[in-house]
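# A look at the structure
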Amino acid sequence: MIRSIDVAGSNLTIAWEKSAPENGGSAVFPAIWLRDNCRCPECRHAGNGQRLYEITDLPEDLAIGAAVLSDDKAVRITWQPGGHVSTFTPAWLADHDLSAEARRGRKRPVKLWSKAIGTEMPIGDWRQMVSDPAAELAFLDTFHAHGFGLIRNSPTVPGTVLQIGNHLGFVRVTNYGALFDVKSVANPTNLAYTPVGLGVHSDNPYRDPTPGVQLLHCLESTAPGGDTLLVDGFNAAEILRREAPDAFDLLTRVPVNFRFRSNDADLMARQTLISVDEGGNVVGVHFNNRSLDWLDAPAAMVVPWFAAYRKFAEVLHRPEGELIFRLEPGDCVVMQNDRALHGRTAFDPSKGSRHLQGAYVDKDGLESRARVLRRQIAEDKGVAA
Ligand code: OGA
Ligand code: ZN
Ligand code: ZN
């Protein structure tokens, strides 16, 4: 895979063979970066791979003393001062190529969607998922790409939402408990516990950190109405960026307070409605008209911020973005809470019952689960992951 190596100043440059995937390009690896990635047993614990030194233990004037291509095409570097030796396999170097193209290629695909996804909704079957790691991984992959997924065929017994949440990740206990019952009750502490329709929203933006994933599991749904609404917040944010770039920019920069108060809780968090990463990609949307509190910002920001908020709400409410479906008993919708905004139509509790149970899990748990499954499947096939 490696055609040649070259050391210039404090960089190692690798020219790849013309074979895919590196396509004959070259990759630059700075010396300090390579040294810090040494996997030898002096640098990393042989059992768990954790680093055994501090960055301050490395010489500040570190330099590549010599770099050679071994017979098996691994790169062997002798460091100066000190003479420490590190070896990097071609596969590892290719996997960690720092070029813009390679870095883009490592991003997992995010598929924006609108109402039109209706016919190809990401769906998993619970009984298959618990018996076949490939089925569970396929669900987690489609969940990651779309920011939501519907699990069918789960038990219709109370508490199942915890079983699903703790299978895919780790349920986060909140002031609502480990799970919360969504049904119409007397003296509701939350509008969710009434029969009114709920506009699309992220749950609990008043928490820090805000729950990463929400599960809603259906136990009963004979009441007329109460259909589930889902909107891709990332898609809406991109529409806003195209139609009103200044509004988009303001919503990524000016945070607003969210708040929830009940007898035993007073929760408050401050965050922007849209979050972007260092490359400007949308990575989070938090939107909740019920718990948006007040805008604690310079007075001059207020009018433009409200105009931007209104415009974003208008985009989020467009029918062409809104996926509508009905949860049946045994269905569990799993939503990336900072992307797939959810709501429901009003229902009539006098004509039937409607009972959902909800729970929150963190995103990292689901991502970890997907990596573990991928590793297990690869190991079962006898392929190194
Ligand atoms: C909620 C909620 C939706 C529903 O409880 O957070 O949004 O379908 N419920 O009842
Ligand atoms: Zn080492
Ligand atoms: Zn909700």
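Please read these numbers as outputs of a predicted model, since none were measured by experiment. The numbering scheme is per chain: residues are counted from 1 as the chain's sequence reads. Just so you know, chain letters begin at A and ligand numbers begin at 1, following the order they were written in. Where local features are concerned, this predicted model is filtered to residues with pLDDT of at least 70; where side-chain atom pairs are given and counted, the filter is 80 or more; whole-chain, interface and lining totals use all residues. Heavy atoms from the whole structure form the basis of all side-chain values; hydrogens and water molecules are not counted.

### Examining the UniProt feature "domain: TauD/TfdA-like" (unreviewed entry) in the chain
As a reminder of what qualifies: UniProt positions are given in the numbering used here, feature names are shortened, and annotations may be inferred rather than shown by experiment. A run of DSSP states H or I qualifies as a helix once it reaches four residues; a run of E qualifies as a strand once it reaches two. Both are numbered from the N-terminal end.
Here, UniProt's "domain: TauD/TfdA-like" (unreviewed entry) annotation points to residues 117-360. A distance of 25 Å separates the end C-alpha atoms of residues 117-360, which is 27% helix and 29% strand.

### A closer look at the pattern of salt bridges
Stated precisely, the cut-off is as follows: When a carboxyl oxygen of Asp or Glu is within 4 Å of a side-chain nitrogen of Lys or Arg, the pair counts as a salt bridge. Think of it in three bands: with a 1.4 Å probe and only protein chains considered, a residue is buried below 20% of the maximum accessible area for its type, exposed above 50%, and partly exposed in between.
Counted under the stated rule, the structure contains 17 salt bridges. Here Arg 374 ties to Asp 141 by a salt bridge, and the two come within 2.8 Å at their closest N and O atoms. Linking Arg 374 in helix 10 (residues 363-380) with Asp 141 in helix 5 (residues 133-146), this pair joins segments that are 233 residues apart in sequence. Assessed through its relative accessible area of 37%, Arg 374 is described here as partly exposed. Given the relative accessible area of 30%, Asp 141 is considered partly exposed. Taking the shortest distance from any N to any O, the salt bridge between Lys 311 and Glu 314 comes out at 3.5 Å. Highlighted residues: Lys 311 and Glu 314, both in helix 9 (residues 299-316), separated by three residues, approximately one helical turn. Through salt bridges with shared partners, a single ionic network connects Glu 243, Lys 311, Glu 314 and Arg 318.

### Notes on the coordination of the zinc ion (ligand 2)
What counts is decided by this rule: Only N, O and S atoms count as donors, using a 2.8 Å limit from the metal and a wider 3.2 Å limit for Na, K and Ca, and since water is excluded some coordination spheres may look unfilled.
The protein atoms donating to the zinc ion (ligand 2) are Cys 38 (SG), Cys 40 (SG), Cys 43 (SG) and His 84 (NE2), with metal-donor distances spanning 2.1 to 2.3 Å. For Cys 38, a relative accessible area of 1% translates into the label buried. Relative accessible area serves as the criterion here: at 16%, His 84 is assigned to the buried category.

### Concerning the pairing of strand 4 (residues 63-69)
The following threshold applies: If DSSP finds at least two bridges between two strands, the strands pair.
By the bridge criterion, six bridges tie strand 4 to strand 5 (residues 75-80) in an arrangement that is antiparallel. For Ile 64, the partnering residue across the bridge sits in strand 5 and is Trp 79. Hairpin geometry of strand 4 and strand 5 is characterised by an intervening segment of five residues between the two adjacent antiparallel strands and by a positive phi of about 65° at Lys 73.

### Side note on the packing of helix 5 against helix 10
Note the following rule: Angles run from 0 to 180 degrees between N-to-C directions of axes, and those axes are lines fitted to C-alpha atoms, restricted for helices to the stretch in contact. We call two directions roughly parallel when the angle between them is under 35 degrees, roughly antiparallel when it is over 145, roughly perpendicular when it lies between 65 and 115, and oblique otherwise. Crossings are assigned a handedness: left-handed for a near helix turned anticlockwise from the far helix by less than a right angle, right-handed for a clockwise turn. Contacts are assigned to residue pairs with any non-hydrogen atoms lying within 4.5 Å of each other. Gly falls in the polar group here, along with every residue not listed as nonpolar (Ala, Val, Leu, Ile, Met, Phe, Trp, Tyr, Cys, Pro) or charged (Asp, Glu, Lys, Arg).
Where helix 5 contacts helix 10, the two axes come as close as 9 Å, and the packing angle between them is 140°. Looking at the two axes, helix 5 sits oblique to helix 10. Crossing handedness for the pair helix 5 and helix 10: left-handed. Between helix 5 and helix 10, the contacting residues are Pro 133, Ala 134, Glu 136, Leu 137, Leu 140, Asp 141, Phe 143 and His 144 on the first element and Leu 366, Glu 367, Arg 369, Ala 370, Leu 373, Arg 374 and Ile 377 on the second. Of the residues assigned to the contact of helix 5 with helix 10, the class counts are nine nonpolar, one polar and five charged.

### What about the coordination of the zinc ion (ligand 3)?
Coordination of the zinc ion (ligand 3) by the protein involves His 201 (NE2), Asp 203 (OD) and His 342 (NE2), with metal-donor separations of 2.0 to 2.1 Å. On the primary sequence, the residues serving as donors to the zinc ion (ligand 3) are separated as H-x1-D-x138-H. Residue Asp 203 is located in the loop between strand 10 (198-201) and strand 11 (213-221), and its partner His 342 is located in strand 19 (residues 340-344); the two are separated by 139 residues in the primary sequence. The exposure class assigned to Asp 203 is buried, which follows from its relative accessible area of 10%. Given a relative accessible area of 5%, His 342 falls into the buried group.

### Concerning the environment of Pro 122
Structurally, Pro 122 can be placed in the loop between helix 3 (100-106) and strand 7 (123-125). The exposure class assigned to Pro 122 is buried, which follows from its relative accessible area of 3%. Sequence separation between Pro 122 and Phe 148 is 26 residues; the distance between their C-alpha atoms is 7.3 Å. Not counting residues up to four positions away in its chain, the partners in contact with Pro 122 are Ile 117, Thr 142, His 146, Phe 148, Gly 149 and Leu 150.

### As for the site of ligand 1
Let me state the cut-off plainly: Summary of the distance rule: residues count as near a molecule or strand when at least one heavy atom falls within 4 Å of that molecule or strand. Under the rule applied, a polar contact is a pair of N or O atoms within 3.5 Å (in protein, one hydrogen donor and one hydrogen acceptor; residues adjacent in sequence only if both atoms are side-chain atoms). For the accessible areas, the method is Shrake-Rupley and the probe is 1.4 Å, while residue cover comes only from the protein chains on display.
Neighbouring ligand 1 are the residues Val 182, Ala 192, Leu 198, His 201, Asp 203, Gln 214, Leu 216, His 342, Arg 344, Arg 354 and Leu 356. Here an oxygen atom of ligand 1 and a side-chain polar atom of His 201 are 3.0 Å apart. Between ligand 1 and the protein, one listed contact pairs an oxygen atom with a side-chain N or O atom of Asp 203 at 2.9 Å. Protein coverage of the free-state accessible area of ligand 1, which is 290 Å², stands at 97%. Within the residue set of the shell around ligand 1, elements represented by two or more residues are strand 10, strand 11, strand 19 and strand 20 (354-361). Looking at side-chain class alone, the shell around ligand 1 contains five nonpolar, three polar and three charged residues.

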